[in-house]
Amino acid sequence: MTPVSGPSVAAGRLRAAWRAAHAPVPGVPGWARIAAYAVPLAVLPSGLWRLPLVFRDGVGFGERAYIVSLSVVSELAAFAAVGLIAAWGERFPRWIPRLRGRRVPTPAAVVPAALGAVVLTVLWTYAFVVVPAGVALDGEPVPPDFPTRAGGWETVIFYLCYLPLLLWGPLLAAVTYAYHRRRRDPRPRKERRDR
């Protein structure tokens, strides 16, 4: 009998890595777990909307690289919210020299996450106020070929893909609060409820 190898082993490793990256640590409230998982899902539609722009005529290599990078980096930044409920957000990974295996100081996670939540909430709220009014984020008028000017399905799809970004900041704030609360009180959750 031959050992199992190839695609099934790779798929098994991928599933195990997926579970390890997403598994909540003990003490994470259910609402925080749902909020953390919702953050990357809220960012995904805008990234998917941008990717077809790479294939437009007249788009140079630099602009294509920027569009793809923006989508990937946005999704990775959004996935960092999952670290606030998972083990990899509480201990430094093995590949980081001198810090490997040590506990992440609570402020080292809470401060950037809280600042990010504030910036994202302000940014996307501002964007959804000014862009429909025909003004870009830099204060200049939006170009005539901007999706909000196209009308019809193109405009509807644009708003449907970007509207979930309004949730990014508040969801991140909620998950950050849960992380801070869980990490500041080292006693098990049941003991905290009993007091």
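Residues numbered from 1 in each chain as written. Predicted model: local features only at pLDDT ≥ 70, side-chain atom pairs only at ≥ 80, totals over all residues. Heavy atoms only, no water.

Once that is clear, we can look at unusual backbone geometry. For residues other than glycine, phi is negative in most cases, and the peptide bonds are mostly trans. Even without glycine at this site, Arg-98 takes up a positive phi of about 65°. Classification of Arg-98 as exposed rests on a relative accessible area of 76%. (Buried < 20%, exposed > 50% of the residue type's maximum accessible area, 1.4 Å probe, protein only.)

With that settled, the discussion passes to helix H6 (residues 152-162). Residues of H6 that are buried: Thr-155, Phe-158, Cys-161 and Tyr-162. Relative to the axis of H6, the buried residues are bounded by an arc of 135° and lie together on one face. Of the exposed residues in H6, those oriented more than 90 degrees away from the buried face are Gly-152, Trp-153 and Leu-160. Among the structural elements, helix H2 (30-50), helix H4 (106-130), helix H5 (147-150) and helix H7 (165-184) are those in contact with the buried residues of H6. (Helix = DSSP H or I, 4+ residues; strand = E, 2+ residues; numbered from the N terminus. Arc of directions from axis to C-beta. Contact = heavy atoms within 4.5 Å.)

On to the environment of Val-122. Among the secondary structure elements, Val-122 is positioned in helix H4. Its relative accessible area of 54% is what places Val-122 among the exposed residues. Residues Val-122 and Ala-80, spaced 42 residues apart in sequence, show a C-alpha to C-alpha distance of 19 Å.

Turning our eyes to something else, we now look at the layout of surface pockets. Its boundaries defined by the atoms lining it, the largest pocket holds a volume of some 1000 Å³. Taken together, 32 residues form the lining of the largest pocket, with Trp-49, Arg-50, Phe-146, Phe-158 and Tyr-162 sitting closest to its centre. Elements that contribute at least two residues to the lining of the largest pocket include exactly H2, helix H3 (61-79), H4, H6 and H7. In terms of residue count, H3 provides more of the lining of the largest pocket than any other element does, five residues in total. Tallied by class, residues from the lining of the largest pocket come to 24 nonpolar, two polar and six charged. (1 Å grid on protein atoms, 1.4 Å probe; cavity = no way out; pocket = protein on both sides within 12 Å on 5 of 7 lines; lining within 4 Å. Points joined across faces, edges and corners; volume = space filled by probe spheres on them. Nonpolar A, V, L, I, M, F, W, Y, C, P; charged D, E, K, R; others polar.)

Quick look at the pattern of salt bridges now. Where charged atoms from two side chains of opposite charge come close, those side chains can pair. For the structure on display, the rule yields one salt bridge. As a salt-bridge pair, Glu-90 and Arg-182 come within 2.6 Å of each other at their nearest N and O atoms. Linking Glu-90 in the loop between H3 and H4 with Arg-182 in helix H7, this pair joins segments that are 92 residues apart in sequence. Classification of Arg-182 by relative accessible area gives buried; the value is 9%. (Salt bridge = Lys/Arg side-chain N within 4 Å of Asp/Glu carboxyl O.)

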